[in-house]
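# Tertiary structure, described
Okay, here's what each chain looks like letter by letter:
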Amino acid sequence: MQYIKFLILAIRVRQRTDLYQTNFMKPSFHSYLANDPFQDPVLLVDFQFTRRALLFDAGDLRQVPSRILLRVTDLFISHRHMDHFADFDRLIRLNLGRGKCLRVYGPEGIIAGVAAKLSAYNWNLVSNYTEAIEIEVIEMISEQTVNRALFHCQNEFRLQPHQSQSIDDKMVLSDTSIQVRATILDHGLPCLGFSIQEPMHVNIWKNRLMEMDLEVGPWLTLLKQAVMMNAPDETPIQVQRSNDSTLIETMPLKVLKEKIVKIVPGQHIGYLVDVSFNDENLHRLLPLFHNADHLYIEAPFLHRDLDHAIRKRHLTAKQAGTIAKLASVKSFTLCHFSPRYAADASLLQQEAEEAFDSTKS
Ligand SMILES: [Zn+2]
Ligand SMILES: [Zn+2]
């Protein structure tokens, strides 16, 4: 449903002919839960224009086709309960001879957990693969620090000494296609919540370009880069005139931003499972998901079973709807339902929606 909404938006945008390179406004990925809400939560973020996918949790991956698991570049493990980590082996087995680097992100203990899984097998017959997998594990030990450890197939996946690295703004992954931020939450143990965001789209108004006697050319790429990097307003940008291509002229970034640039925020989604509803968790997670386009959020229990939810350190559906509202997300999808509600799953949805609507300002 969420994907369809974005498609409609992209089609509407395409109908406007005065924007230069409008295809940049299409979302670069679509996201969906791989499993039924009563099964293990598994979120896929699948890129549209490249063979790449991000995978959030790996409890039961049997429903995920091999062709998608083969394009996973980054695996995010919220925590190491079995329903989130059991099928790590399936992912590794499939990618073993693929000559790729798989990055695995998780909370404190993930390096030891991956090392333990890998050390359970013998690797003597695959360690001479020419195209072998390398696994880099990024362990979030605080919101400012990660540990990084590498496991090479050629080295029979023995744990190497690892390094600490500081991070900014909870950012565990940042490249030209995607930014993933994580926060450490309480589930009786550290559990990560994730925010997934595309970089902003920078578009050029072609009609205004013509009005200013400016020509389409490589200088626009440099202009876009300056905008994306948040360069100072006074930064001089070398422009190209339509009537004289030999003329060297610069204009301040501020002027160009005001007159010919249109900035469209990138798609922003959140993934939140296995957390207690308490002030400390809310304080950490609400800013992470603020104004997200979509939130995937657990709702294992009805609020009538609040005592049980508290004991299990999970959310009720009412609490899930409340979080979605407090974070001002545009829409949400529930997951991780307890099997005790197999006959009345609609009650969970209804309870979350009522909380989302009733607390609306
Ligand atoms: Zn769980
Ligand atoms: Zn759990």
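For every chain, the first residue of the written sequence is number 1, and numbering continues from 1 along that sequence. Each chain is given a letter, starting from A, and each ligand a number, starting from 1, according to the order in which they appear as written. Only residues with pLDDT of at least 70 get local features here, since the model is predicted, and only at 80 or more are side-chain atom pairs given and counted; chain-wide, interface and lining totals rely on the full set of residues. Hydrogen atoms and water are omitted, and side-chain values are computed over all heavy atoms in the structure.

## Observations concerning the pattern of salt bridges
Condition: Salt bridges are defined by distance alone: a side-chain nitrogen of Lys or Arg within 4 Å of a carboxyl oxygen of Asp or Glu. The helix count covers DSSP runs of H or I at least four residues long, the strand count covers runs of E at least two residues long, and both are numbered beginning at the N terminus. Burial classes follow relative accessibility: with a 1.4 Å probe on protein chains only, a residue under 20% of its type's maximum area counts as buried, one over 50% as exposed, and anything between as partly exposed.
One pass over the structure, following the stated rule, counts 20 salt bridges. With a shortest N-O distance of 3.1 Å, Asp175 and Arg52 are connected by a salt bridge. Of this pair, Asp175 sits in the loop between strand 10 (171-174) and strand 11 (179-186) while Arg52 sits in the loop between strand 3 (43-47) and strand 4 (53-56), placing them 123 residues apart in sequence. With its nearest N and O atoms 3.6 Å apart, the salt bridge here joins Glu143 to Lys170. One end of the pair, Glu143, is in the loop between strand 7 (134-140) and strand 8 (145-152); the other, Lys170, is in the loop between strand 9 (163-166) and strand 10, with 27 residues separating them in the sequence. For the pair Glu143 and Lys170, one class covers both residues: buried.

## Brief notes about the domain arrangement of the protein chain
Selection criterion: An automatic or database domain assignment provides the domain bounds reported here.
Structurally, the protein chain comprises domain 1 (28-199 + 266-357) and domain 2 (201-264). For domain 1 versus domain 2, the separation of C-alpha centres amounts to 39 Å.

## Considering the nonpolar core
Selection criterion: Working definition of a nonpolar core: buried Ala, Val, Leu, Ile, Met, Phe, Trp, Tyr and Cys residues. They are joined through side-chain atoms within 4.5 Å. We call two residues in contact when some of their heavy atoms are within 4.5 Å.
Counting residues in hydrophobic clusters, the biggest one holds 35 residues, and the most contacted among them are Leu55, Val104, Val114, Leu118, Ile135, Phe151 and Phe157. Every element with two or more residues in this core is listed here: strand 4, helix 2 (66-69), strand 5 (72-76), helix 4 (88-95), strand 6 (101-107), helix 5 (110-119), strand 7 and strand 8. Looking at this core, the element that brings in the most residues is helix 5, giving 5 residues. Apart from the residues within four sequence positions on either side, Val104 is in contact with Leu75, Ile77, Phe88, Ile110, Val114, Ile135, Glu136, Val137 and Ile138. Core analysis: the next-biggest nonpolar cluster, separate from the first, contains 29 residues, Ile297, Leu302, Leu315 and Ile323 among them.

## Remarks on helix 5
By the criterion of burial, helix 5 is predominantly enclosed, with 7 of the 10 residues buried. Listed as buried for helix 5 are Ile110, Ile111, Gly113, Val114, Ala115, Lys117 and Leu118. Contacts made by the buried residues of helix 5 are with helix 3 (82-85), helix 4, strand 6, strand 7 and strand 8.

## Focus: the packing of aromatic side chains
Applicable threshold: Between rings of Phe, Tyr and Trp, where Trp is taken as its six-membered ring, a pair exists when centres lie within 6.5 Å; planes separated by under 30 degrees are stacked, by over 60 edge-to-face, and by other angles tilted.
Applying the stated criterion to the full structure yields 11 aromatic pairs. Their ring planes at 65° and their centres at 5.4 Å tell us that Phe56 and Phe194 sit as a pair that is edge-to-face. Residue Phe56 is found in strand 4, and its partner Phe194 is found in strand 12 (residues 190-197); the two are separated by 138 residues along the sequence. Overall, Phe56 belongs to the buried group, its relative accessible area being 0%.

## Points about the coordination of the zinc ion (ligand 1)
To keep things clear, this is the line we draw: Distances define the donors: N, O and S atoms within 2.8 Å of the metal qualify, as do those within 3.2 Å of Na, K or Ca. Water is excluded, so some sites may look unfinished. Here the metal geometry follows the donor angles, with tetrahedral for four donors whose angles all fall between 85 and 135 degrees, square planar for four and octahedral for six when opposite donors are more than 155 degrees apart and every other angle is between 65 and 115, and irregular for all the rest.
Distances from the zinc ion (ligand 1) to its protein donors, namely Asp83 (OD), His84 (NE2), Asp274 (OD) and His336 (NE2), fall within the range 2.1 to 2.3 Å. Its 4 donor atoms give the zinc ion (ligand 1) angles of 89 to 151° at the centre, a pattern that matches the irregular case. Summarised as a motif, the one-chain spacing of the donors to the zinc ion (ligand 1) is D-H-x189-D-x61-H.

## A closer look at the coordination of the zinc ion (ligand 2)
Protein-derived ligands of the zinc ion (ligand 2) are His79 (NE2), His81 (ND1), His187 (NE2) and Asp274 (OD), with the metal-ligand distances lying across 2.2 to 2.3 Å. Around the zinc ion (ligand 2), the 4 donor atoms sit at angles spanning 90 to 169°, and that spread fits a shape best called irregular. Every donor residue of the zinc ion (ligand 2) comes from the same chain, spaced as H-x1-H-x105-H-x86-D. A gap of 3.7 Å separates the zinc ion (ligand 2) and the zinc ion (ligand 1), which Asp274 links by coordinating each metal.

## Looking at the environment of Ser127
Tracing the backbone through its elements, the reader meets Ser127 in the loop between helix 5 and strand 7. Between the C-alpha atoms of Ser127 and His30, which are 97 residues apart in sequence, the distance is 36 Å. Residues contacting Ser127, with those up to four places away along its chain left out, are Cys153, Gln154 and Glu156.

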